[in-house]
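Here is what each chain is made of, one letter per residue.
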Amino acid sequence: MINREIPFRPRLEGEFRVRFYNAASEITEKTPTLTIARIAEREIEWVEKDCQYNIEQRKKYRAVWFLFRDLIRASWKACYRNGVIYMSLPTLNGTDMHDTTSPEVKALLRSWMSESRHERLVGYTDFINRMENPGTNKQSIAALIADGDELEKRIKRVHTGEIAIEAAVQPYLQLVRENDRDVFTGLKTSEIWRYFRLTWSTPVETTPGRTMQYLIRDAAHPMHAVMGIASLENCAVQITCRDDYIGWNQKAFIERIVTVDNDRAKEEFKQLLVYLEDGIDGIDYSELCTAMVVKNPTDTDIQLLLDEASNAEQNRQQLLRNEVEGDVDDIEKSELGSISIDAERALYRRKRAEQLARLLSAKKAIRDLINAENFNEIWIDFCKSETGNSAIRGALVAQKTKHIGSSMMELNVCGAIPPYNEILGGKLVALLATSPQVIHDYKERYADKASEIASRLKGMPVCRPADLVYVGTTSLYYVGSSQYNRLKMPGSIFNTDFDIVWKKLGMTIGFGTMHISKATTMSLTEATSDGFNRINHVFGEGASPKMRLLTMSIRELLESTNEDSKDFSKHAMSRIVYGACLAENTFDYLLGKESKPKYYTDMADYVSGTQKIIDFWRNRWLKSRLNYEPIYRRIRDFDKQGFLVSNQIDEDEEWSFSKLEEVPHMPTNDETKTGLQFVRDFYRGSSAYD
């Protein structure tokens, strides 16, 4: 199935526009993907090496071709027809991208990520060499990688009955803390985790916010080898199937509420008002409006707040420009990152005004509905209306915002380190991510820590309960993950009826940035910065800086509608969303119907609770795995030295990104140039003619 075609029309001028369409005209429906990629590489090389004029158009031209190249690599199809190049997100070589039997799917996804991963590895070359050759008083990271022969002999003794399974593999969780050192090697545990993360095929992305990293160690190994790694980070704000599952999606809310009677419906709307009042209470509105406005908002009041948000954003943009043009040494810096304190204040003034306007608009609509004398006759139509949908969504988002950064985490790194992958170490890591130790560690680390964004919106420290009740993750491939399939921890382990299950919730819709290379990201930044960075990777500026950069750049570089700009952020591979509830009342807690979670076991005794999970893994998964003869040869053949990350860096393939520079000299004026040649040179910029 081929998706709709979208015109790819760059906002280029003069000779750059002509050259782009001349190159694009070489592309037909039958042009091989490799040939199209070579055309893009040719044009990038031209603008970098041969073209020496009109710096602004050069930046845009390069960014357009970098973006085009990455889309092609992500299986977008291109075809020049009737003066326009059209693009579509299609099938792969005639095979549905979601065909679980196609090996090309995984191969393609790996190829998307390979360049970004290599870019990152090259940047970590010194770190990698230091970890593998640390010098005096430290041991190499290689000491924490199990030898295949040693592990094979150890587990074979279980298989032959010489030792108990509990003696052969002894896993435990180790929380990574800043500056902690491993007692066996002397290396920092944070650097051990980072090194093993570099062995993943997916490129490393830094995410701001709450993070907990774990090493899973094997005490049966002389150096307590690393069996696996895990990282829990702040959840993505928008995952539709997850929000449907919890009850935070207005569509799911409406589908449920239309089946109840009038009295029950009114109670549901009153609950939405509670969400809204709670959200409003989280905003310092003293400089934006009066308490009377908040109590009884009018449409005029709401519009004034939206105008204030717009003015604050314009002020922020101007401040960012001033910081580039002025003396940066005299600017007071924000604690959030590379912006001034004034730019931070403008950012949060905008956020306060925007959120307050949205909350008050929803409050007014829902309160008017509840107070209406004919409520019974109109509430269903309200649910179907645009106003009703918007108000319900606003209330549910307010409740989600309260919990998304404090009660939920995303397991974005989870897997075994070879050779432990052969004994299903990945399943152990996934199970331990739901363990009492993780719940305990999360509460201990964040119970008294103020939320950065919530505190700035409120104008005072805001500490939300650090009660972890949900862990989510996504598979790397659409075809599913054997790591999470059938993965359940029966409640009987803890003498309860509540099972901890990694449940498949649905699919992502294929939005993301994993197919966008570092070079493309830097080129897009260069082409759309206007001399300053509008996206500063500052916590609170918005989710996924890379996604926001991509969306903004597409909007500015291409002549496209908002819908088309959004579609260009798609890649051909959606992924499976999994979720695990850690409390019997997870839904009621997240929906504000209960104030405290009811966990599946006593979290005060988190050590023995976590050990029960390890014992369950050994008896349920490891024991049966040891009966599978082929794993012994595969473990024995594991090449420890070949696994070292330094072997995966191509030293002959250095990565660099050079900014385009203006020509340092003025070209000689040629009076013989006339007609079309004059027009072409005119487009080359002010330096071409006096």
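Everything below is about the structure printed above this text.
A. Summary view of the nonpolar core. Within the largest apolar cluster, 111 residues are counted, with the highest numbers of intra-cluster contacts made by Phe 269 and Ile 366. Broken down by element, this core gets its largest block of residues, 10 residues, from helix α14 (residues 341–371). Within the second largest apolar cluster, 42 residues are counted, among which are Ile 6, Ile 36, Val 64 and Met 87.

B. Summary view of helix α11 (residues 262–281). With 20 residues, α11 ought to run about 28 Å at 1.5 Å a step, and its terminal C-alpha atoms sit 29 Å apart, in line with that. Taken together, the buried positions of α11 are Ala 265, Glu 268, Phe 269, Leu 272, Leu 273, Tyr 275, Leu 276, Gly 279 and Ile 280. Relative to the axis of α11, the buried residues are bounded by an arc of 155 degrees and lie together on one face. Packing partners of the buried residues in α11 comprise α10 (250–257), α12 (291–295), α14, α15 (375–384) and α16 (386–404). Structurally, the start of α11 carries an N-cap: the backbone nitrogen of Asp 263 is 3.3 Å from a side-chain oxygen of Asp 261.

C. Summary view of the pairing of strand β7 (residues 408–416). Counting buried positions along β7 yields 8 of 9 residues, so the element is predominantly enclosed. Pairing of strand β6 (residues 226–233) with β7, which is carried by 6 bridges, proceeds in the antiparallel orientation. Counterpart to Ile 229 in the pairing with β7 is Gly 415. Strand direction decides the pairing type here: β7 and strand β8 (residues 470–474), joined by 3 bridges, are parallel. Bridging across to β8, Met 408 finds its partner in Tyr 470.

D. Spatial organisation of the side chain of Asn 389. By secondary structure assignment, the location of Asn 389 is in helix α16. Looking at Asn 389, its side chain comes within polar contact range of the main-chain oxygen of Cys 383, at 2.8 Å.

E. Representation of the packing of aromatic side chains in the model. The full count for this structure, using the stated rule, is 23 aromatic pairs. For the ring pair Tyr 195 and Phe 196, a centre distance of 5.8 Å and an interplane angle of 85 degrees mean the geometry is edge-to-face. In terms of burial, Tyr 195 and Phe 196 fall into one category: buried. Residues Tyr 442 and Tyr 446 carry aromatic rings whose centres are separated by 5.3 Å and whose planes lie at 50 degrees to one another, so their mutual orientation is tilted. Of this pair, Tyr 442 and Tyr 446 are both found in helix α18 (residues 436–446), 4 residues apart, which corresponds to roughly one turn of the helix. Take Tyr 442: its relative accessible area is 0%, and that puts it in the buried class. Residue class for Tyr 446 comes out buried when judged on its relative accessible area of 4%. An aromatic cluster of at least three residues, connected via ring pairs, comprises Phe 8, Phe 16, Phe 20, Tyr 21, Trp 46, Tyr 53, Tyr 61, Trp 65 and Phe 68.

The rules behind these values
As a convention, each chain's residues are numbered from 1 in the sequence order in which they are written. Given that this is a predicted model, residues contribute local features only at a pLDDT of at least 70 and side-chain atom pairs are listed and counted only at 80 or more, while totals for whole chains, interfaces and linings are drawn from all residues. As a rule here, side-chain values come from all non-hydrogen atoms in the structure, and water together with hydrogens is ignored. What is meant by a nonpolar core is a set of buried Ala, Val, Leu, Ile, Met, Phe, Trp, Tyr and Cys residues, joined one to another through side-chain atoms within 4.5 Å. Exposed residues in this analysis have more than 50% of their type's maximum accessible area, buried residues have under 20%, and partly exposed residues fall in between, with area computed by a 1.4 Å probe over protein chains only. What counts as a helix is a DSSP run of H or I of at least four residues, what counts as a strand is a run of E of at least two, and both are numbered from the N terminus. Under the convention used throughout, the expected extent of a helix is 1.5 Å for every residue step, that is, one less than its residue count. What the arc measures is the spread of directions leading from the helix axis to the C-beta atoms. Any pair of residues with heavy atoms lying within 4.5 Å of one another is described as a contacting pair. Here a polar contact means two N or O atoms within 3.5 Å. Within protein one must be a hydrogen donor candidate and the other an acceptor candidate, and residues neighboring in sequence count only if both atoms are side-chain atoms. DSSP bridges decide pairing: two strands pair if at least two such bridges lie between them. A pair of Phe, Tyr and Trp rings is counted when the ring centres sit within 6.5 Å of each other, with Trp represented by its six-membered ring. The angle between the planes then sorts it: under 30 degrees is stacked, over 60 is edge-to-face, the rest tilted.

Purely geometric numbers; function is a separate question.
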